[in-house]
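One letter stands for each residue in the lines below.
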Amino acid sequence: MQFDDELLNRLRQAKRLVFFTGAGTSTESGVPTFRDEQNSLWINFDATRFATESGFRANPGQVWQWYAERRQQLQTLSPNPAHRVMAAWQDKTAGVTVITQNIDGFHQQAGSRDVIELHGNITANKCVDFGHVAPMDVNLSDQPPHCQQCGSLLRPDIVWFGEALPAVAYHFAEQLCFDCEVFVCIGCSMEVYPAASLPFNAARSGAYLIQINPQATPLDEVADCNLYGKAGEILPQLWQAVWQEPLP
Ligand code: OAD
């Protein structure tokens with residue numbers, strides 16, 4: 001792909017750069033997206049059943065088991081070149097932050113530090129009544145275990161529909177959007193709020209906005225540069241074009 005000079009200069013010179021990622025970033029690792037393809041999760045499974053607190057309370061065993069399968073699947077998969085480029089960018093220059101909607105932990109596995117997880121992480125659990133955080137070595141059997149503090153059921157510590165985002169993470173993310181010079185939005189359908197408001201806020205605050213996605217999204221009209229294609233292909237090319245050196 002050919003990149004224009006302004007794009008390359010902005011990336012090279014940025015002192016505060018945000019990578020903002022959605023499910024499309026992990027597609028090339030083999031993780032299904034939520035709503036854009038035939039095998040997407042919310043096309044094949046009812047989100048009100050599997051991604052709401054009321055769905056969990058109505059059928060805790062089935063929902064727990066569904067997430068256990070997701071966890072097992074993730075253990076067989078690994079980060080792809082898109083995750084690795086973002087981690088290398090953080091090593092190359094100061095002021096790079098990854099904000100993600102993904103719950104798979106692949107950014108950290110690829111080496112990114114201080115990742116802001118807006119929708120939680122599938123490896124963590126909390127209790128359904130009070131949000132007590134469960135120890136990481138909780139027994140992941142067929143049925144949800146009980147909270148050691150209050151006895152209520154444990155559920156994955158991720159954000160379900162109708163729930164607030166983690167307040168501190170969202171606050172930091174908002175600040176970064178107001179402050180950054182370049183904002184790169186990767187693999188997001190821009191349908192789920194409030195996370196989807198962040199790229200728009202960054203653009204309003206004067207950031208140079210880059211989008212990487214094979215499909216058009218509501219962000220196309222606002223972005224300064226739309227790179228249509230797969231993150232795992234475009235990001236390594238962008239690294240090479242900006243830094244003129246191979247990915248470490
Ligand atoms: P979606 O499934 O809504 O959208 C995935 C996006 O990735 C689409 O715009 C695709 O075109 C794009 N895409 C697909 N393959 C790609 C590739 N190889 N490279 C780049 N982009 C690609 O996923 P999100 O926008 O992340 O919430 O969904 C937002 C939230 O909805 C998720 O965080 C999830 C879900 O409910 C939770 O899990 C809490």
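Not measured: the values here are computed from a predicted model.

1. Quick word on the domain arrangement of the protein
- Domain annotation for the protein reports domain 1 (1-31 + 79-119 + 165-248) and domain 2 (32-76 + 124-158).
- Each of domain 1 and domain 2 has a C-alpha centre, and these two points are 27 Å apart.
- Across the contact, twelve residues belong to domain 1 and eight residues belong to domain 2.
- Roughly 820 Å² of surface becomes buried between domain 1 and domain 2 when both sides are summed, with 70% attributable to carbon and sulfur atoms.
- In terms of surface lost to domain 2, no three residues of domain 1 exceed Ala23, Val31 and Ile103, which account for 45% of the buried area on that side.
- Connecting domain 1 to domain 2 are one salt bridge.
- A salt bridge links arginine 35 to glutamate 191; the nearest nitrogen and oxygen atoms lie 3.9 Å apart.
- Where domain 1 touches domain 2, the interface holds zero residue pairs in polar contact (both at pLDDT 80 or more).
- By residue class, the composition of the side of domain 1 that touches domain 2 is five nonpolar, five polar and two charged.

2. Considerations on the sheet that holds strand E1 (residues 17-21)
- Taken in spatial order, the six strands line up as E3-E2-E1-E6-E7-E8 in an open sheet, and their pairing is parallel. In this open sheet, the two edge strands, each paired with only one partner strand, are strand E3 (116-117) and strand E8 (225-227).
- As defined by bridge partners, strand E7 (residues 208-212) adjoins E8 across three bridges and the pair is classed as parallel. Paired with isoleucine 210 across the strands is cysteine 225, a residue of E8.
- Most of the contacts of helix H1 (residues 5-13) go to E7, to which it runs at about 110°, and overall it touches E1, strand E6 (182-186), E7 and E8.
- Most of the contacts of helix H9 (residues 197-204) go to E6, to which it runs at about 155°, and overall it touches E1, E6 and E7.

3. Regarding helix H10 (residues 231-243)
- Helix length check: H10, at 13 residues, gives a terminal C-alpha distance of 18 Å against a target of 18 Å (1.5 Å per residue), a fit within 8%.
- For H10, the set of buried residues is Ala231, Gly232, Ile234, Leu235, Leu238, Trp239, Ala241, Val242 and Trp243.
- Immediately downstream of H10, the backbone of glutamine 244 shows phi near 55°, a positive value.

4. Notes on the packing of aromatic side chains
- Overall, the coordinates contain 14 aromatic pairs when judged by the stated rule.
- Note on phenylalanine 45 and phenylalanine 50: the rings are 5.8 Å apart at their centroids and 85° apart in plane angle, and the pair reads as edge-to-face.
- Given the relative accessible area of 6%, phenylalanine 50 is considered buried.
- Between tyrosine 67 and tryptophan 160, the aromatic rings sit 5.9 Å apart at their centres with planes inclined by 40°, giving tilted as the arrangement.

5. Some remarks on the pattern of salt bridges
- Considering all chains together, one arrives at nine salt bridges under this definition.
- For glutamate 53, the salt bridge is made with arginine 57, and the minimal N-O distance between the two is 2.7 Å. Here arginine 57 and glutamate 53 lie together in helix H4 (residues 53-58), a separation of four residues that amounts to about one turn.
- Here glutamate 53 falls in the partly exposed class, since its relative accessible area comes to 30%.
- A residue is classified by how much of its surface remains accessible, and arginine 57, at 43% relative accessible area, is partly exposed.
- The structure contains a network of salt bridges with shared partners spanning Glu53, Arg57 and Asp129.

What counts and what doesn't
- Residues numbered from 1 in each chain as written.
- Predicted model: local features only at pLDDT ≥ 70, side-chain atom pairs only at ≥ 80, totals over all residues.
- Heavy atoms only, no water.
- Domains from an automatic or database assignment.
- Contact = heavy atoms within 4.5 Å.
- Buried area = accessible area lost by both parts, 1.4 Å probe.
- Salt bridge = Lys/Arg side-chain N within 4 Å of Asp/Glu carboxyl O.
- Polar contact = N/O pair within 3.5 Å; in protein donor to acceptor, adjacent residues only side chain to side chain.
- Nonpolar A, V, L, I, M, F, W, Y, C, P; charged D, E, K, R; others polar.
- Pairing = 2+ DSSP bridges.
- Helix = DSSP H or I, 4+ residues; strand = E, 2+ residues; numbered from the N terminus.
- Axes fitted to C-alpha atoms, helices over the stretch in contact; angles between N-to-C directions.
- Expected span 1.5 Å × (residues − 1).
- Buried < 20%, exposed > 50% of the residue type's maximum accessible area, 1.4 Å probe, protein only.
- Phe/Tyr/Trp six-rings, centres within 6.5 Å; stacked < 30°, edge-to-face > 60°.

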